[in-house]
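# Summary of the model geometry
What follows is each chain in one-letter form.
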Amino acid sequence: MEQMLADAAERIFRDQCAKEILDAAEEGQFPARLWQLLCENGFQLMAMPDSGAELADVFAVLRVAGRFAAPLPLAEALLANRWLGEEGGDGPTDALNTVGLVAEDDNTHWRDVPWGRAARRIVGVADDGGVFAGTPVAVTQAVNLAGEPRDQVEVQDVEPLPCAEPAPALLALARAAQSAGALERVLELGIGYALEREQFGRPIARFQAVQHMLAMVAAEVAAAGRASDAAVAAIGSERFAFEVAAAKSRVGEAVGLVAEAVHQVHGAMGFTYEHQLHHFTRRLWAWRDECGSETYWQALLGRRLCALGADQVWDFLATSS
Amino acid sequence: MLQFDPVQLPEGTEALRHEVRDFLAANADRISAPNSDFSSGHDAEFSARLGERGWIGMTWPKAYGGAERSFFERYVVTEELLAAGAPVSAHWIADRQSGPLLLGSGSEDQCARYLPAIVRGRSFFSIGMSEPGTGSDLASVRTTAKRVAGGWRVNGTKLWTTGAHLNHYMIALVRTAPAKDNRHAGLSQLIIDLAAPGVAIRPIRNMAGGEDFNEVVFDDVFVTDADVVGEPGNGWSQVTSELGYERSGPERFLSAFRVYVEFVRLVGADPERFEAAAVGRIAAHLMTLRRMSMSVAGMLENGKAPNVEAALVKELGNNFEKLLPEIARAAAPSGGDQERFRRTYAETLLLSPSFTLRGGTREILRGVIARGLGLR
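Residues numbered from 1 in each chain as written. Chains lettered and ligands numbered in written order. Predicted model: local features only at pLDDT ≥ 70, side-chain atom pairs only at ≥ 80, totals over all residues.

## Details of the overall build of chain A
So the rule is basically this: By definition, any uninterrupted DSSP run of H or I lasting at least four residues is a helix, any uninterrupted run of E lasting at least two residues is a strand, and each is numbered from the N terminus. Radius of gyration: C-alpha atoms only; globule rule: 2.2 Å multiplied by the number of residues to the exponent 0.38. Every C-beta atom is placed from the backbone, and the number of other C-beta atoms within 10 Å of a residue's own sets its class: buried at 20 or more, exposed at 12 or fewer, partly exposed in between.
When helices and strands are counted, chain A shows 11 helices and 7 strands. Its C-alpha radius of gyration of 20 Å places chain A within 12% of the 20 Å reference for a compact globule of 321 residues. Projected onto the principal axes, the alpha-carbon positions of chain A cover approximately 65 × 55 × 40 Å. Burial status across chain A gives 54% buried among its 321 residues.

## Here we look at the sheet that holds strand β3 (residues 121-125) of chain A
All names here are of chain A. The condition that has to hold: A strand pair is defined by DSSP finding two or more bridges across the two strands. Lines are fitted to the C-alpha atoms to define the axes, a helix being fitted only along its stretch in contact, and any angle between axes, read from their N-to-C directions, falls within 0 to 180 degrees. A pair of residues counts as a contact when their C-beta atoms, built from backbone coordinates, are separated by no more than 7 Å.
Strand order around the closed barrel formed by 5 strands is β1-β2-β5-β4-β3, with mixed pairing between neighbours. Adjacent strand axes in the sheet meet at a mean angle of 50° when their direction is disregarded. As judged from the 4 bridges shared by β3 and strand β4 (residues 131-140), these two strands associate in the antiparallel manner. Bridge pairing in β4 links V125 to V131. Against the sheet, helix α5 (residues 74-85) engages β1 (97-103), β2 (106-114), β3 and β4, with an angle of about 85° to β1.

## Here we look at the domain arrangement of chain A
All names here are of chain A. What counts, and what does not: Residue ranges for the domains trace back to a domain assignment, done automatically or taken from a database.
Per the domain assignment, the segments making up chain A are domain 1 (2-160) and domain 2 (167-318). Taken over C-alpha atoms, the centre of domain 1 sits 22 Å from the centre of domain 2. The partner domain 2 presents 23 residues to the 22 residues of domain 1 that form the contact. Mapped by element, the contributors of at least two residues to the side of domain 1 that touches domain 2 are α2 (19-26), α4 (55-67) and α5.

## Let's talk about the interface of chain B and chain A
Counting residues at the interface gives 43 residues for chain B and 42 residues for chain A. Of all the elements in the fold, those that place two or more residues in the side of chain B that touches chain A are α3 (71-84), α7 (257-267), α8 (273-301), α9 (307-331) and α11 (362-372) of chain B.

## Comments concerning the domain arrangement of chain B
Residue and element names in this part refer to chain B. Applicable threshold: The classification used treats Ala, Val, Leu, Ile, Met, Phe, Trp, Tyr, Cys and Pro as nonpolar, Asp, Glu, Lys and Arg as charged, and all other residues, Gly among them, as polar.
Taken domain by domain, chain B consists of domain 1 (13-123), domain 2 (127-233) and domain 3 (247-372). Between the C-alpha centres of domain 1 and domain 3 the distance comes to 22 Å. The element that contributes the greatest number of residues to the side of domain 1 that touches domain 3 is α3, accounting for 7 residues. In the side of domain 1 that touches domain 3, the residues fall into 7 nonpolar, 6 polar and 3 charged.

## Some points on the nonpolar core
We count it as follows: A set of buried Ala, Val, Leu, Ile, Met, Phe, Trp, Tyr and Cys residues, joined to one another through C-beta atoms within 7 Å, is what we call a nonpolar core.
Formed by 221 residues in total, the largest nonpolar core has its most connected members in L173(A), L183(A), L214(A), A218(A), L190(B) and Y260(B). Considering every element that reaches this core, the biggest residue donor is helix α6 (residues 167-196) of chain A, with 17 residues.

Dropping the structure here:
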């Protein structure tokens, strides 16, 4: 199931995430055709409790979306539909719903709302994990450092949703899974460019300095992928938040090293807007800070281990399989 | 793209884990200074007790004293021993490397003669690869074995031989035919009795003050034909597979683990945010490395040859072993009972240069990974 859905999604992304579409999205143009194709294939409903798909399938698709830098808020759309659907209200349609953060002191102004400007309904997640539904009335546009819309939205008709899930951890895991996918793509781009770019009469891949950078990158990318998979496998377990913490932390550390090294491999070409590399590296840099930075999640995991005490640390680590 | 599939530890491994913990608690007197570095504590008595429990050579055939248990069960035993900082160095190489080499390439006679004593924790082996002029460029070994009646005469010097002054045997890579166009040809592996006439062993003090590794000089040492591992001349392919498969175990990322335990103890139950983040950061690395290492164990269990994946785990794991004391040091509070943390930290830091050298340097491993990526 997981592989089938991921493959189907990959076919759509491969067609609909060309450089021009990524560029246009950054200019504020919603990728309507991409969203339409995803909806025609039922992806917008896949996180609904009765969809037949598991949450693990959803994260597999999000990882593929990351590989293609799919320029729409897929994680938020799927999770919003999941959480709104449980409300039993008017139900999801092809209209875009999304998920933002409830401002600490004001439950009518939500921030960091991906594509809030294009959304019909918005789910707001509070710091303490509380989940609310709201309808947008006014939008102040803003973007993250990858140029992805992260709007401030004034909402009305706010009502709490009966969400029994750890929404902040699921959102953080979405970023980890997307990043794991984008990291794979960045590694591929680095290998491809090193084999194709010639200097001193041979591909730069023949130089040991370049080989060693890319070997380090491959190791980081593999670690990020494994960490993300492990957290997905822990969905529903009592350790879930801590597994997400480990994943978000490990993936975030990989991002800094990988983006730096693969830009170095690409030379000035990778520093141009014309090259596609930045669509992936800028997203990676943005995503590592969204839904809780490494430090946030490390501290959450660390407090748990400190509470257990030094002589229980190993037992905690060895219980993860 | 390199794939590390999730593995689930089979049922029964948790019971085994608790057996090992009970054993460690009962033998706490032999772990007075816990150190997770696999080459630090040489304790023949401890190894013999492990042997009695059936925890050495546990994946090997019953015909040779083994228990025919899975790679996962061996994984659980080794990680528990290392995490507790138990002295495992005496039997480590024989269990991890020499035994599997004999099972894979040795004769039935060799297996029958050597494996049962290894399994009982009574027979210890050293690795004879490096030489004064030979480190990463292993094919350049100059120790020779010349044909004589009934066997071979060995001359030359091996270097950095961990435990040679305490162990019983070395499996040495030697040149049995001169190097020609193909420098990988003409190499052979011999089992050498370290008590044989003509063997001179001189311990070399390391920068931490310890004497774990040695220079071993062979002066006309006789080795019988029966102690040549595999066919003469086949040494290179044997030695590379030996290195390849054994690079990804928990000893490749747990060497500094006791520093972490003492760091958490020092930080206490109510940490500052940056202290908690340091604790969590290390945990995130450990959880991920452990899973990657288990993924490789799963590939071995399925009969695959994950050379590149193993090199990758070692590369990540060794770098992390060096990073761990740095993270802990930077975040360690200045108050509290410092003694245990400071001692463990200093001991590990002084050993840490070896982490990215032994078993293949970081540079050699990156070359292996780069080849796997199609870059060379």
